[in-house]
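Here is what each chain is made of, one letter per residue.
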Amino acid sequence: MTDKQRSAYQREMDQVHVPKAKADETLRMMLEENRRLRAKENEEGEGKKAGRRLPIYAGALAAACLLLAVGLALPRSGGYQFDKVGLNALVVSAAPKGATVTEDGADTVLGTSAEAVFPGWEVASGQTQAYPMGSGTAHESVLTIRKEGQELRATVTDYEPALFSTVQKEQQIAGKKVRLAYNEETQTYAAAYEENGKYCVLTGRMEEKAFLEALKGILEKK
């Protein structure tokens, strides 16, 4: 089928990137509605008027179906958008091999208790390191935190991590500016935000909705 032979509706569906199955279903609904309107007006003895009105009905219905399709193509879970990023953006730690492990405990985040930074989450493992960066010293805390069967990897640094630089779009979540990302290869969701001069990156392999709920829970308690 050439582009000219495709209906205006089908071409519009292509432009909004609606899945083929959904576009076909919407088109089927539109055609059935047209047939219903035609039958109704024929029964009322207004066949001639029906021929003039149907294009109007079809156009209105197509517009409504298009709006429905566009809505389905928008980001899910409250309208938040996740930038697609490569694996390199998820490599948060810049610590070289042999970096000095500080005296902070496994449940400490750059000198602050993990409970204060991630309230309600249990620290499964953690480590804080210090290493040269430029003319100074960089610090980072890497933790695995768990809550109610869910697990997140949290990295807190005193320098701007790769993910924060890669994702430029900031979105408001629980009153805070957050940058969201997703890696298709590993099916990993990630969030980066800055707070009190420190940067935090959270990553997790779970459903999008579950990740956002976990993120909101952490940010709301800060």
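Above this note sits the structure.
Rules used throughout
- Residues numbered from 1 in each chain as written.
- Predicted model: local features only at pLDDT ≥ 70, side-chain atom pairs only at ≥ 80, totals over all residues.
- Heavy atoms only, no water.
- Helix = DSSP H or I, 4+ residues; strand = E, 2+ residues; numbered from the N terminus.
- Buried < 20%, exposed > 50% of the residue type's maximum accessible area, 1.4 Å probe, protein only.
- Contact = heavy atoms within 4.5 Å.
- Areas by Shrake-Rupley, 256 points an atom, 1.4 Å probe, with all protein chains shown as cover.
- Expected span 1.5 Å × (residues − 1).
- Polar contact = N/O pair within 3.5 Å; in protein donor to acceptor, adjacent residues only side chain to side chain.
- Salt bridge = Lys/Arg side-chain N within 4 Å of Asp/Glu carboxyl O.
- Phe/Tyr/Trp six-rings, centres within 6.5 Å; stacked < 30°, edge-to-face > 60°.
- Lys NZ or Arg CZ within 6 Å of the ring centre and 35° of its normal.
- Pairing = 2+ DSSP bridges.

*Asks:* Describe the overall build of the protein chain, with residues and values.
*Replies:* In terms of helices and strands, the protein chain carries 7 helices and 11 strands. When burial is assessed residue by residue, the protein chain has 37% of its 222 residues classed as buried. When contacts within the protein chain are restricted to residue pairs at least 6 apart in sequence, long-range pairs at least 24 apart make up 55% of them. Surface summary for the protein chain: the accessible area is close to 13100 Å², and the carbon and sulfur share equals 50%.

*Asks:* Describe helix H7 (residues 208–220), listing the residues and the values that go with them.
*Replies:* Here H7 contains 13 residues, and its C-alpha end-to-end distance of 18 Å stays within 8% of the 18 Å for a straight helix at 1.5 Å per residue. Restricting attention to buried positions, one finds in H7 the residues Glu208, Ala210, Phe211, Leu212, Ala214, Leu215, Ile218 and Leu219.

*Asks:* Report on the side chain of Arg179, specifying residues and quantitative values.
*Replies:* Within the secondary structure, Arg179 is located in strand S9 (residues 176–183). By relative accessible area, which is 11% here, Arg179 ends up buried. Separated by 3.2 Å, the side chains of Arg179 and Glu170 make a polar contact. Excluding residues that lie within four positions of it along the chain, Arg179 makes contacts with Phe164, Val167, Gln168, Lys169, Glu170, Ala190, Ala191 and Ala192.

*Asks:* Describe the pattern of salt bridges, and please don't skip the residues or the numbers.
*Replies:* Taken as a whole and judged by the stated rule, the model has 3 salt bridges. In this structure, the salt-bridge partner of Glu184 is Lys84, at a minimum N-O distance of 3.0 Å. With Glu184 in the loop between S9 and strand S10 (188–195) and Lys84 in strand S1 (residues 83–84), this pair connects stretches of sequence that are 100 residues apart. Its salt-bridge partner being Arg179, residue Glu170 comes within 3.2 Å of it at the nearest N-O pair.

*Asks:* How would you explain unusual backbone geometry if you had to name every residue and give the values?
*Replies:* For Ala174, which is not glycine, the phi dihedral falls at a positive 55 degrees. Mapped onto the elements, Ala174 comes out in the loop between strand S8 (171–173) and S9. In this structure, Gln187 takes a positive phi of about 55 degrees despite not being glycine. Position of Gln187 relative to the elements: it lies in the loop between S9 and S10.

*Asks:* Explain the packing of aromatic side chains to me, and be specific about the residues and the numbers.
*Replies:* Taken as a whole, this structure holds 6 aromatic pairs when the rule is applied. Aromatic side chains Tyr131 and Tyr159 sit 6.4 Å apart centroid to centroid with 70 degrees between the ring planes, which places their arrangement in the edge-to-face category. Separated by 28 residues along the polypeptide, Tyr131 in strand S5 (residues 122–133) and Tyr159 in the loop between strand S7 (150–157) and helix H6 (162–166) bring together distant segments of the chain. For the pair formed by Tyr131 and Tyr159, the shared burial category is buried. Members of the aromatic cluster, each reached through a chain of ring pairs, are Phe82, Tyr182, Tyr189 and Phe211. Its guanidinium or amino end placed over the ring of Phe164, Arg179 lies 3.7 Å from that ring's centre, counting from NZ or CZ.

*Asks:* Describe the pairing of strand S6 (residues 136–147), and please don't skip the residues or the numbers.
*Replies:* Strand direction decides the pairing type here: S5 and S6, joined by 11 bridges, are antiparallel. Across the sheet, residue Ser125 finds its bridge partner in S6, namely Thr144. Linking S5 back to S6 in an antiparallel pair, the connection comprises 2 residues, with Gly134 at a positive phi of about 65 degrees. With 8 bridges joining them, S6 and S7 adopt antiparallel strand pairing. The residue bridging Lys147 from the neighbouring strand is Gln150, located in S7. Linking S6 back to S7 in an antiparallel pair, the connection comprises 2 residues, with Glu148 at a positive phi of about 50 degrees.

*Asks:* So what's going on with the environment of Gly175? Which residues, and what values?
*Replies:* Of note, Gly175 is situated in the loop between S8 and S9. Separated by 41 residues in sequence, Gly175 and Lys216 have C-alpha atoms that sit 9.6 Å apart.

None of the figures reported here should be taken as evidence of function without further support.
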